[in-house]
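Listed below are the residues making up each chain.
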Amino acid sequence: MFAFLQTWLSWLWLQLQNVILAVLAAGPIPRHIAFVMDGNRRYARQKGYKVQVGHAEGFTTLQKILGICLKLNVRCVSVYAFAINNFKRPKEEVDALMALAEEKLVKICEHGELLDEYGVRLNVLGDTALLPAHVQDIVTKAENMTRQNDKAILNIHMPYASRHEITMAVQAAVNKSLDAGEGDDPQITEQDIEDQLMTSRVGSPPLDILVRTSGVKRLSDYLLWQCCENTQIHFVDTYWPDFGLWDFIPILLEFQQKIWAQERTTKKKL
Amino acid sequence: MLSLLTLYIFHGIYRIYNGVISFLYTQLSAPPKPLSAHRELFPAHLGIILVVDEEIDVEAATDTLLQSIDNAAVWCHEVGILDLTVYDSKGILMKNSASVRKTVKPSRNLSSSYPLNTLRSMRISPGIARLRLDFAAMRSSQNTSWFPTGGRKEVTKKHHLQQKLQAEPTNAVVDGHQNIGSSSCPNPLTIRLVSPTSSKPAIASAACLLARSQQSQKVTPVKHKFQLSTDELDYILESQTGVPSLDFIVVHHMDPPCQRALELHGFPPWHLAVTEIFVTPLERDHTWKKRSMPATLLPLGKQAFCRALDEYSKTETRNGK
């Protein structure tokens with residue numbers, strides 16, 4: 001009896017979520033949302049788990065939030081999975097994170113339909129040469145499997161640093177200018193650099209929302225170029241493994257209010 | 001249609017909820033510590049983004065901006081913050097840098113034994129004006145030099161990069177170096193006015209400079225691909241703009257609504273990599289002003305500044321660990 005009630009309540013909760021998402025989808029929806037998935041370790045410490053368990057639960061949350069974004073038709077989701085600086089962490093933790101990344105990417109490769117159902121193209125962005133060779137191989141395999149998908153984009157930033165991305169973009173823009181023979185009068189613009197960013201090269205739209213969980217209020221070298229203009233930034237106190245639809249709803253409502261306010265201003269000017 | 005109607009109801013409930021929370025916050029929140037209170041941590045380099053909305057009258061905004069920068073300069077001086085960068089998204093402060101020079105004055109409580117020396121103004125690059133206020137700090141604090149002056153490693157890096165650029169050091173760098181050297185005051189407060197031209201356009205300018213430099217170093221018979229490191233670009237941007245990375249940035253809306261998500265309004269992105277960010281809330285005294293005179297623009301207030309310092313003093317940097 002109790003099991004039946006539990007199943008029924010879970011079903012009811014799922015239907016309620018779907019109704020809420022359908023209502024939200026009636027308004028403006030962000031094209032690109034980025035998440036700094038912070039707080040896995042503090043979550044684990046709070047619950048008395050090992051750090052690796054915190055990261056594993058964080059991955060479950062990632063799947064849940066991805067599902068929500070896909071139901072809302074968010075075109076692109078970016079997640080900060082691993083910073084270049086994170087290699088400074090204890091070896092045991094870094095190895096566990098690499099193993100988790102490999103395990104999940106293998107799962108994606110073996111059950112490709114998970115992303116194919118929603119037409120998601122997977123990109124792993126960052127200084128991937130720093131990853132262990134076996135992780136690099138599985139990254140390449142996972143990216144190749146989803147390359148033909150074009151309905152949505154999932155960017156996994158690992159190992160990543162925004163200053164590194166901007167530097168590589170400047171480097172590429174300079175080389176392009178030199179190859180084009182612009183001579184002593186190079187005409188490198190902001191747009192030229194933007195086009196060379198890793199997120200732009202994989203077709204990501206402009207960033208509308210950036211969310212950082214766990215209460216930390218800094219960007220930690222994530223998507224600096226992309227988020228410094230016209231991006232709403234939300235610092236949420238919830239730890240990432242606990243982040244859910246109820247934390248997400250106010251963020252979406254804020255975005256919608258911004259878009260409607262912009263539309264009203266445009267109409268007034270006309 | 002039904003979904004859209006339900007969505008409007010959601011938004012209505014959300015606005016009411018935000019209004020109540022905002023009201024309760026202004027009425028019930030504990031006041032921040034006084035400015036002179038002990039705090040574990042102060043930012044060495046503080047930034048302030050003064051948000052000027054589209055609908056705001058530019059002349060009214062200018063007065064409020066000037067008042068905000070004057071307030072911030074005095075309070076920074078009082079707590080020993082020696083490096084202040086102020087940004088507004090429309091570049092109003094930059095256009096009125098002469099007015100800023102006239103407006104910013106020392107604290108009225110400054111003792112006569114710490115005289116205010118002449119303000120020096122210097123243009124570093126389009127989009128940045130730097131005012132050096134040479135008044136002595138009331139308490140000793142670290143002298144923050146934005147130009148690398150210490151150590152063999154720094155000198156070697158500078159020399160190597162200058163060779164790579166095959167350019168003379170910019171006037172800004174030379175002037176800045178001379179300015180620091182010539183300052184008679186040990187702990188001057190540096191105020192930088194920053195506008196959108198020093199944001200992404202500065203990075204594009206740095207790219208043009210690098211391309212020009214590479215072009216002049218024609219390597220034959222094989223053309224080597226240009227390579228750039230993060231440290232090198234960091235050095236160029238900090239040298240060219242005179243703006244080092246910020247420890248803490250305060251975002252202040254001069255016409256605050258009940259609830260608005262944080263945005264950075266085009267602030268130079270490179271300098272925000274590890275910056276703590278704080279948005280000023282609507283304080284109790286400001287709520288009263290807004291209710292009695294809805295058209296009033298609110299300058300950066302002392303309560304909000306103190307609250308920002310309280311927040312910063314609680315932060316913890318992990319550097320990836």
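Residues numbered from 1 in each chain as written. Chains lettered and ligands numbered in written order. Predicted model: local features only at pLDDT ≥ 70, side-chain atom pairs only at ≥ 80, totals over all residues. Heavy atoms only, no water.

According to its UniProt record, chain B has this under Subcellular location (unreviewed entry): "Endoplasmic reticulum membrane". Per UniProt, chain B has the following entry under Catalytic activity (unreviewed entry): "n isopentenyl diphosphate + (2E,6E)-farnesyl diphosphate = a di-trans,poly-cis-polyprenyl diphosphate + n diphosphate". (UniProt positions renumbered as here; feature names shortened; annotations may be inferred.)

Chain A appears in an unreviewed UniProt entry as Alkyl transferase from Serpula lacrymans var. lacrymans. Under the UniProt heading Sequence similarities (unreviewed entry), the note attached to chain A is "Belongs to the UPP synthase family."

A. Fine view of the overall build of chain B. Counting secondary structure elements, chain B contains ten helices and seven strands. When each of the 321 residues of chain B is scored for burial, the buried share is 52%. Intrachain contacts of chain B at a sequence separation of at least 6 include 86% that bridge at least 24 residues. Looking at chain B as shown, the accessible area adds up to about 15,500 Å², and 56% of this sits on carbon and sulfur atoms. (Helix = DSSP H or I, 4+ residues; strand = E, 2+ residues; numbered from the N terminus. Buried < 20%, exposed > 50% of the residue type's maximum accessible area, 1.4 Å probe, protein only. Contact = heavy atoms within 4.5 Å. Areas by Shrake-Rupley, 256 points an atom, 1.4 Å probe, with all protein chains shown as cover.)

B. The arrangement of the pairing of strand β4 (residues 152-157) of chain A in detail. Residue and element names in this part refer to chain A. Buried residues dominate β4, accounting for six of its six residues. In terms of strand pairing, strand β2 (residues 76-80) meets β4 through five bridges, oriented parallel. In the strand pairing of β4, Ser78 is matched with Asn155. One ladder, built from six bridges, connects strand β3 (residues 120-125) with β4; its direction is parallel. Paired with Leu122 across the strands is Leu154, a residue of β4. (Pairing = 2+ DSSP bridges.)

C. Expanded view of the pattern of salt bridges. Considering all chains together, one arrives at 16 salt bridges over all chains under this definition. With its nearest N and O atoms 3.2 Å apart, the salt bridge here joins Arg42(A) to Asp38(A). Overall, Asp38(A) belongs to the buried group, its relative accessible area being 9%. In this structure, the salt-bridge partner of Glu276(B) is Arg218(A), at a minimum N-O distance of 2.4 Å. Linking Glu276(B) in strand β7 (residues 276-279) with Arg218(A) in the loop between β5 (209-212) and α10 (224-227), this pair reaches from one chain into another. Both residues of the pair, Glu276(B) and Arg218(A), count as buried. Shared partners join several salt bridges into a network, and the residues in it are Asp38(A), Arg42(A) and Arg212(A). (Salt bridge = Lys/Arg side-chain N within 4 Å of Asp/Glu carboxyl O.)

D. The packing of aromatic side chains, seen in detail. All names here are of chain A. Under the counting rule described, the total for this entry stands at 16 aromatic pairs over all chains. Geometrically, the ring pair formed by Phe82 and Phe87 is edge-to-face, given 4.9 Å between the ring centres and 70° between the ring planes. Looking at Phe87, the relative accessible area reads 30%, which means it is partly exposed. Members of the aromatic cluster, each reached through a chain of ring pairs, are Phe35, Trp240, Phe243 and Phe248. (Phe/Tyr/Trp six-rings, centres within 6.5 Å; stacked < 30°, edge-to-face > 60°.)

E. Layout of the nonpolar core. One finds Leu24(A), Phe35(A), Phe243(A) and Phe248(A) to be the most contacted residues of the largest nonpolar core, which totals 54 residues. Here the element with the most residues in this core is helix α11 (residues 245-269) of chain A; it accounts for nine residues. Discounting residues that sit within four places of it in the chain, Leu24(A) has contacts with Ile29(A), Leu72(A), Ile249(A), Leu252(A), Leu253(A), Gln256(A) and Leu7(B). In this structure, Ile81(B), Ala308(B), Leu309(B) and Tyr312(B) belong to the second largest nonpolar core, which totals 38 residues. (Core = buried A, V, L, I, M, F, W, Y, C linked by side-chain atoms within 4.5 Å.)

F. Expanded view of the interface of chain A and chain B. Contact with chain A, which involves 61 residues of that partner, is made by 58 residues of chain B. Of the roughly 5,100 Å² buried between chain A and chain B, counting both surfaces, carbon and sulfur atoms make up 59%. The three residues of chain A that bury the most area against chain B are Arg163(A), Arg218(A) and Cys228(A), which together make up 14% of that side's buried surface. In this assembly, chain A and chain B are joined by six salt bridges. (Buried area = accessible area lost by both parts, 1.4 Å probe.)

G. Broad picture of unusual backbone geometry. Residue and element names in this part refer to chain A. The step from Met158 to Pro159 runs through a cis peptide bond, and the omega angle for that step is -15°. As for its placement among the helices and strands, Pro159 is situated in the loop between β4 and α7 (162-179). Its identity is not glycine, yet Asn230 carries a phi of approximately 55°, on the positive side. Position of Asn230 relative to the elements: it lies in the loop between α10 and β6 (232-235). Relative accessible area serves as the criterion here: at 53%, Asn230 is assigned to the exposed category.

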